[in-house]
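Single-letter residue listing:
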Amino acid sequence: MQEVVILEKVYGDRSGFIKLDKKLKALLGDLNVEWKLSAVKKNWVKVSLKGEDEEISANLVREEFGEVPYKLSAVKEGMTYRGRFIDLGKVGYGAYVDIGIFSPRPKDALLPLYYLKETFGEMPVRQMIRRFGWVDNLPVEVTVTTVEFGAREVELAFTEDQVRRIKSWRTDGYDKLFIAGTISENVEKALIETGHGRDVKRIEELGLMETLLILKKGTQAPGIIKEIGPHLRGTLIGAIKFKS
């Protein structure tokens, strides 16, 4: 048997398992392999593969979805990882990102406050979270700046591309919603059911269970949250709001 913990999480309404199963059918359908999906520590998804083609299948899964580093000893300074915000707003000295370190014990990495202030300006971290619409589980690309193996501490910075995206989301004048905890098809369904599909300029899948809605000019995020929120129970919704 081969096991791969991929760079996706399933949580909230857990609809991601069905969607992921369909993606694996498309990817591995012609191979002699069976697979099973499960959630491991902190909701990361494990793909267990068994059969004649399990090795080639595991490599295809790694290529398609990526793989967590598992061990602190595998995390290298200067390397880029795709992680998820976790426990946002619980501390004032930065923002934690889960990049998938399980051993020797689960460990989140830190975007320190001094770095966040240098990058986005002088404001408390909780204000930054609100301003940028960040929610737990939102996928972010980060580079490791420091690893202290003795203290088991990892510090991060956003990649240049990620900084550019965050800044552009905040400056283009379009209200936005970040929805974490359900697949994008369910978000689309909620928009159709409430008659708000016409208010959305673009839908982007940021991850298996994370969706970005870019609203049309003149459409305000709070109004859309109020309408679609009851249809998306168990999700976290963050917003970028511009003054009308």
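Remember, it's a predicted structure, so these values are computed and weren't measured experimentally.

(A) Representation of the pairing of strand 9 (residues 153–158). The pairing of strand 8 (residues 139–148) with strand 9 spans six bridges and is antiparallel. Counted as the bridge partner of Thr143 is Ala157 from strand 9. Where strand 8 folds back on strand 9, the antiparallel hairpin that results is connected by four residues, among which Arg152 adopts a positive phi of roughly 55°.

(B) Expanded view of the environment of Arg14. For Arg14, the location among the structural elements is in the loop between strand 1 (2–9) and helix 1 (16–28). A C-alpha to C-alpha distance of 7.0 Å links Arg14 and Thr182, two positions 168 residues apart in sequence. When sequence neighbours within four positions are dropped, the list of residues in contact with Arg14 reads Ala39 and Met209.

(C) Structural view of the sheet that holds strand 2 (residues 34–39). Strand order in the open sheet formed by three strands is 1-3-2, and the pairing between neighbours is antiparallel. At either end of the open sheet lies a strand with only one pairing partner, and these are strand 1 and strand 2. Strand-to-strand twist of the sheet, defined as the mean angle between neighbouring strand axes without regard to direction, takes the value 25°. Of the strand pairs in this sheet, strand 2 and strand 3 (residues 44–50) are connected by six bridges, and their pairing is antiparallel. Residue Leu37 lies in a different strand from strand 3, and its bridge partner there is Val47. Packed onto the sheet, helix 1 meets strand 1, strand 2 and strand 3 and runs at close to 150° relative to strand 2. Contacts from helix 2 (residues 54–65) reach strand 1 and strand 3 within the one sheet, and its direction differs from that of strand 1 by about 15°.

(D) Spatial organisation of the packing of aromatic side chains. Going through the model one piece at a time under the given rule, you end up with eleven aromatic pairs. Summarising the aromatic geometry, the rings of Tyr70 and Phe102 are spaced 6.2 Å apart at their centres and angled 70° between planes, so their arrangement reads as edge-to-face. One end of the pair, Tyr70, is in strand 4 (residues 70–71); the other, Phe102, is in strand 6 (residues 94–103), and 32 residues separate them in sequence. Of the residues examined, Phe102 reaches a relative accessible area of 12% and is grouped as buried. What links up through ring pairs into an aromatic cluster is the set Phe85, Tyr115, Phe120, Phe132, Trp134 and Phe158. Over the aromatic face of Tyr174 sits the side chain of Lys201, whose NZ or CZ is 4.7 Å from the ring centroid. Just above the ring of Tyr174 sits the side chain of Lys217; from NZ or CZ to the centre is 4.3 Å.

(E) Just the layout of surface pockets, in detail. Looking at the largest pocket, its volume works out to about 180 Å³. Taken together, Ile129, Arg130, Arg131, Gly133, Trp134, Arg170, Ile237, Gly238, Ala239, Ile240 and Lys241 form the lining of the largest pocket. Counting only elements with at least two residues in the lining of the largest pocket, the list comes to helix 4 (125–132) and strand 13 (236–240). No other element matches the four residues that strand 13 contributes to the lining of the largest pocket. Split by residue class, the lining of the largest pocket holds five nonpolar, two polar and four charged.

(F) Quick look at unusual backbone geometry. In this structure, the amide linkage connecting Ser103 to the following residue, Pro104, adopts the cis form with an omega of 5°. A positive phi angle is found at Lys42, which is not glycine, with a value near 55°. Locating Lys42 in the fold gives a position in the loop between strand 2 and strand 3. With a phi close to 55°, Asp87 is a non-glycine residue in the positive phi region. One can find Asp87 in the loop between strand 5 (80–86) and strand 6. On the basis of relative accessible area, Asp87 is assigned to the partly exposed category, the value being 32%.

(G) View of the pattern of salt bridges. Applying the stated criterion to the full structure yields 16 salt bridges. The shortest N-O distance in the salt bridge between Asp21 and Lys25 comes to 3.0 Å. Here Lys25 and Asp21 lie together in helix 1, a separation of four residues that amounts to about one turn. Look at Lys25 and you get partly exposed, because its relative accessible area is 48%. Across the salt bridge formed by Lys176 and Asp172, the nearest N and O atoms sit 2.6 Å from each other. Through salt bridges with shared partners, a single network forms among Glu8, Arg84 and Glu210.

Rules of the game
- Residues numbered from 1 in each chain as written.
- Predicted model: local features only at pLDDT ≥ 70, side-chain atom pairs only at ≥ 80, totals over all residues.
- Heavy atoms only, no water.
- Pairing = 2+ DSSP bridges.
- Helix = DSSP H or I, 4+ residues; strand = E, 2+ residues; numbered from the N terminus.
- Contact = heavy atoms within 4.5 Å.
- Axes fitted to C-alpha atoms, helices over the stretch in contact; angles between N-to-C directions.
- Phe/Tyr/Trp six-rings, centres within 6.5 Å; stacked < 30°, edge-to-face > 60°.
- Buried < 20%, exposed > 50% of the residue type's maximum accessible area, 1.4 Å probe, protein only.
- Lys NZ or Arg CZ within 6 Å of the ring centre and 35° of its normal.
- 1 Å grid on protein atoms, 1.4 Å probe; cavity = no way out; pocket = protein on both sides within 12 Å on 5 of 7 lines; lining within 4 Å.
- Points joined across faces, edges and corners; volume = space filled by probe spheres on them.
- Nonpolar A, V, L, I, M, F, W, Y, C, P; charged D, E, K, R; others polar.
- Salt bridge = Lys/Arg side-chain N within 4 Å of Asp/Glu carboxyl O.

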